[in-house]
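The residues making up each chain are set out below.
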Amino acid sequence: MERRQDPFSIVPGIPIKENFKNIWTKSKIRSEILEAETGDLRMNEEAMKFIKENGPDTLINSLSINIRYWDKKTNSWENNKNVAKQKDFINKFYKRCSHSYEKPSMVDRGIQVILNSTIWTKNANGGAYKYMKEALGLDEKDDESIGVIINTSMSPWLRAQKTFKRIGLIIRNEMYNAYGAIHDEPQNLKLVSPNLTNSPEWSGSIFAELETSFSNPSLCYHALGRFVFDSKDIKKIQEKSSCKLLMRIVTREKMTVYDLMTGGDKENINQIPTQERKPSSRKNFAMENIKDKIEFYSDYDLHYQDIAMPEVSVTVSFETKDGRIQGEVDTKMKLGRVLRYQHLGRDFVDEDDYPPSQEYFLYADDKTAYLSHCPNRWPDFQQQIQLDQIPVPQAKAEVKNCPELFQEAMKRGVVVYLPQCETGGRPVLSRSKTKTTVCRDPLESHFYNALAWSDQGAFTGDMEQITLKFYDVGKRWFNGKKINAGYCKVDFPHLYKQEGDMWKDRREDDSDYEVDSSNSDSD
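What you see is a predicted model; the values in this text were computed from it and never measured. (Residues numbered from 1 in each chain as written. Predicted model: local features only at pLDDT ≥ 70, side-chain atom pairs only at ≥ 80, totals over all residues. Heavy atoms only, no water.)

Let us look at the overall build of the protein chain. Within the protein chain, the secondary structure is distributed over 12 helices and 22 strands. By residue count, 51% of the 523 residues in the protein chain fall in the buried class. Taking contacts inside the protein chain between residues at least 6 apart in sequence as the whole, the part at least 24 apart equals 71%. Looking at the protein chain as shown, the accessible area adds up to about 26,000 Å², and 49% of this sits on carbon and sulfur atoms. (Helix = DSSP H or I, 4+ residues; strand = E, 2+ residues; numbered from the N terminus. Buried < 20%, exposed > 50% of the residue type's maximum accessible area, 1.4 Å probe, protein only. Contact = heavy atoms within 4.5 Å. Areas by Shrake-Rupley, 256 points an atom, 1.4 Å probe, with all protein chains shown as cover.)

Time to look at the packing of helix 10 (residues 290–297) against helix 12 (residues 402–412). Two elements in contact, helix 10 and helix 12, have axes whose closest approach is 9 Å; the angle formed by their N-to-C orientations is 25 degrees. Relative to helix 12, helix 10 is oriented roughly parallel. When helix 10 is examined against helix 12, the residues Ile290, Lys291 and Ile294 are found in contact with a partner set consisting of Glu404, Leu405 and Glu408. (Axes fitted to C-alpha atoms, helices over the stretch in contact; angles between N-to-C directions. Parallel < 35°, antiparallel > 145°, perpendicular 65-115°, else oblique.)

Going from tryptophan 378 to proline 379, the amide bond is cis rather than trans, its omega being -10 degrees. Within the chain, asparagine 75 stands out as a residue other than glycine whose phi angle is a positive 60 degrees. Structurally, the position occupied by asparagine 75 is in the loop between strand 2 (60–71) and strand 3 (76–79).

With that settled, the discussion passes to the sheet that holds strand 14 (residues 382–386). Pairing within the open sheet is antiparallel, and its 7 strands lie in the order 19-18-15-12-13-14-20. In this open sheet, the two strands that pair with only one neighbour each are strand 19 (463–469) and strand 20 (474–479). The mean inter-strand angle of the sheet, taken between neighbouring strand axes irrespective of direction, is 30 degrees. Where strand 13 (residues 369–373) lies against strand 14, 3 bridges are found, and the strand directions are antiparallel. When the bridges of strand 14 are listed, serine 372 appears paired with glutamine 384. (Pairing = 2+ DSSP bridges.)

In terms of nonpolar packing, the biggest core is built from 35 residues, with Phe229 and Ile249 touching the most fellow members. When residues of this core are traced back to their parent elements, those giving at least two are strand 7 (205–210), strand 8 (221–229), helix 8 (234–240), strand 9 (246–251), helix 9 (257–262), strand 10 (312–319) and strand 11 (325–343). Not counting residues up to four positions away in its chain, the partners in contact with phenylalanine 229 are Trp202, Gly204, Ile206, Ile237, Met247, Ile249, Tyr304, Val314, Val316, Thr331, Lys332 and Met333. The next biggest cluster of nonpolar side chains, apart from the first, holds 26 residues, and it includes Ile65, Ile67, Ile149 and Phe348. (Core = buried A, V, L, I, M, F, W, Y, C linked by side-chain atoms within 4.5 Å.)

Along the chain, proline 427 falls in the loop between strand 15 (414–418) and strand 16 (428–429). Exposure remark for proline 427: the relative accessible area of 14% places this residue in the buried category. Along the primary structure proline 427 and arginine 377 are separated by 50 residues, whereas in three dimensions their C-alpha atoms are 9.9 Å apart. Setting aside residues up to four positions removed in sequence, proline 427 forms contacts with Tyr354, Gln358, Pro379, Asp380, Phe381 and Cys439.

Turning our eyes to something else, we now look at the packing of aromatic side chains. Summed over the entire model, instances satisfying the criterion amount to 16 aromatic pairs. Measuring from ring centre to ring centre gives 5.7 Å for phenylalanine 20 and phenylalanine 50, while their planes differ by 70 degrees; the resulting arrangement is edge-to-face. Highlighted residues: phenylalanine 20 in helix 1 (residues 18–21) and phenylalanine 50 in helix 4 (residues 45–54), separated in sequence by 30 residues. Phenylalanine 50 carries the same exposure label as phenylalanine 20, and that label is buried. Centre to centre, the rings of tyrosine 221 and tyrosine 341 are 5.8 Å apart; their planes meet at 35 degrees, and the pair counts as tilted. (Phe/Tyr/Trp six-rings, centres within 6.5 Å; stacked < 30°, edge-to-face > 60°.)

Opposite charge on two side chains makes pairing possible when the charged atoms of those side chains draw close. Applying the stated rule across the entire model yields 29 salt bridges. Residues glutamate 32 and lysine 28 are paired through a salt bridge, measuring 2.8 Å at the closest nitrogen-oxygen approach. Taken together, the residues span about one helical turn, with glutamate 32 and lysine 28 both in helix 2 (residues 26–34) at a distance of 4 residues. What makes glutamate 32 partly exposed here is its relative accessible area of 24%. Note on lysine 28: relative accessible area 17%, which makes it buried. The structure contains a network of salt bridges with shared partners spanning Arg3, Asp6, Arg172, Arg346, Asp347 and Asp350. (Salt bridge = Lys/Arg side-chain N within 4 Å of Asp/Glu carboxyl O.)

Right, let's get into helix 4. Spacing of three or four residues puts side chains on the same side of an α-helix, whose turn is 3.6 residues. Residues of helix 4 that are buried: Ala47, Phe50 and Asn54. End-on, the buried residues of helix 4 take up no more than an arc of 60 degrees, which puts them together on one face. Opposite its buried face, helix 4 presents the exposed residues Glu45, Lys49 and Lys52, each directed more than 90 degrees away. Packed against the buried residues of helix 4 are helix 1, helix 2 and helix 3 (38–43). With a side-chain oxygen lying 3.3 Å from the backbone nitrogen of glutamate 46, the N-terminal cap of helix 4 falls on asparagine 44. (Arc of directions from axis to C-beta. Polar contact = N/O pair within 3.5 Å; in protein donor to acceptor, adjacent residues only side chain to side chain.)

Quick look at the pairing of strand 12 (residues 358–364) now. Counting buried positions along strand 12 yields 7 of 7 residues, so the element is predominantly enclosed. Side chains Gln358, Tyr360, Leu362 and Ala364 of strand 12 all project onto a buried face; the interleaved residues Glu359, Phe361 and Tyr363 project onto the opposite face, where all are buried too. Bridge analysis of strand 12 against strand 15 gives 5 bridges, and the strand direction is antiparallel. Along strand 15, the bridge assignment pairs glutamine 358 with leucine 418.

Moving on, we come to the environment of isoleucine 150. Relative to the helices and strands, isoleucine 150 resides in strand 5 (residues 146–152). Overall, isoleucine 150 belongs to the partly exposed group, its relative accessible area being 23%. It is 4.4 Å that separates the C-alpha atoms of isoleucine 150 and serine 62, two residues lying 88 residues apart in sequence.

Okay, the pairing of strand 18 (residues 447–453) next. Of the strand pairs in this sheet, strand 15 and strand 18 are connected by 2 bridges, and their pairing is antiparallel. When the bridges of strand 18 are listed, tyrosine 417 appears paired with leucine 451. The pairing of strand 18 with strand 19 spans 7 bridges and is antiparallel. Looking across to strand 19, one finds that asparagine 449 is bridged to threonine 467.

Inspection of the secondary structure puts leucine 362 in strand 12. By relative accessible area, leucine 362 is classed as buried at 0%. Considered as a pair, leucine 362 and lysine 411 are 49 residues apart in the sequence and their alpha carbons are 8.9 Å apart. If we skip the residues at most four places from it in the chain, leucine 362 touches Ala369, Tyr370, Leu371, Leu387, Pro391, Phe406, Met410, Gly413, Val414, Val416 and Ile466.

Written as structure tokens, this is what we have:
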């Protein structure tokens, strides 16, 4: 999974045998094994021989990871030598790829990747410990235990390329998030909500999205969640809100995006509920259809005090059309559900270009659906839109349970594409004569036929046709300037190299990378 531009290294527990190293580079392994369909792989005799000779001898796969730093003098990566920091990196990664009952750190729209972690010690693991330590570049004089990730595979041949691709993207994204957890600078995080909160029926729950910045690595995320305000302040917020003003939220204490989206070390797992929210007996609850069953097992109606995440002190305000801020309220909120937590650094490394169509994230509660544009790489934009109605898959509207399952999927969020946009997936740049890079809104209509992944998720689900309408409330927020401000390629030497007055993408020519012969790659 490791790529040369990654700020971390990945080392398998079983090293590749010497007679395979020069032939089976990382790019060859990716293309002929990891990205190959099972049928094609089994017909590839050379690949099958490689797997037989180098694959795990048990159903437990082990690997370890370590962070690394770009050395501008040598123009190459330098591995972290601190063992404690390596274990911290493992723990941050493991937090998002493990499981506990009430934790809302749901990965990839609620489909968790569950891994296990352990440690290797000098006395217990001997030569394996020494090999792994050297491969990770850790301090040879430090004999402390090192962190290791393990995964139990019931059968390595029960695989599908689409499933592997999906899992691979999830795991790589979480490695980037874990790296950010260690290196990001705490900030007063700014969030924007598309919700209208002036209704007497508003219960204190909102969706909110991080205000992203490509120039600031600590804010280079597409992070979106469902938050719940302290019930005693709901009325105050309602009184300050009016008409269609945009809600803005700022954390009063500096924190990292990782702390906001995971709770850091402050979450209260398996706490005792303060009050019963579901009938104690199924006999008292009619579960005649899939909708009733989803409602019964859902955690969507958790009371504020029962949400396991820590309280976050915030200032809520409202922005007028001319940009004035009014109606500030100091309150507290909790994260109720992670909808999207994508590190945009991974997008740049993994994807060759922008997506072929404009990519949005569709999410909803019981009454209203919203769109959030998915920024991909610099330059790009953020946008929030409130839809007139909750979409229903067109082709399967009459199919049993399809609307209910898609409705539940939207509560976690699904990716949608807008092929009707003539500009494709690339941003539309402003014709401004200034040097500032500004993106314009590419949506010129209020009605779009879109394609969405089904409730089974990206790659492994089906593409559903849906209709998006936003004539009523419509567009809530657009950010095409601040997100791109201050971005300089010179600040990202691991991604770009200078050739004269130009900066070139390193993926086009990475010959100046210092690569260990045991980990050579011929991308």
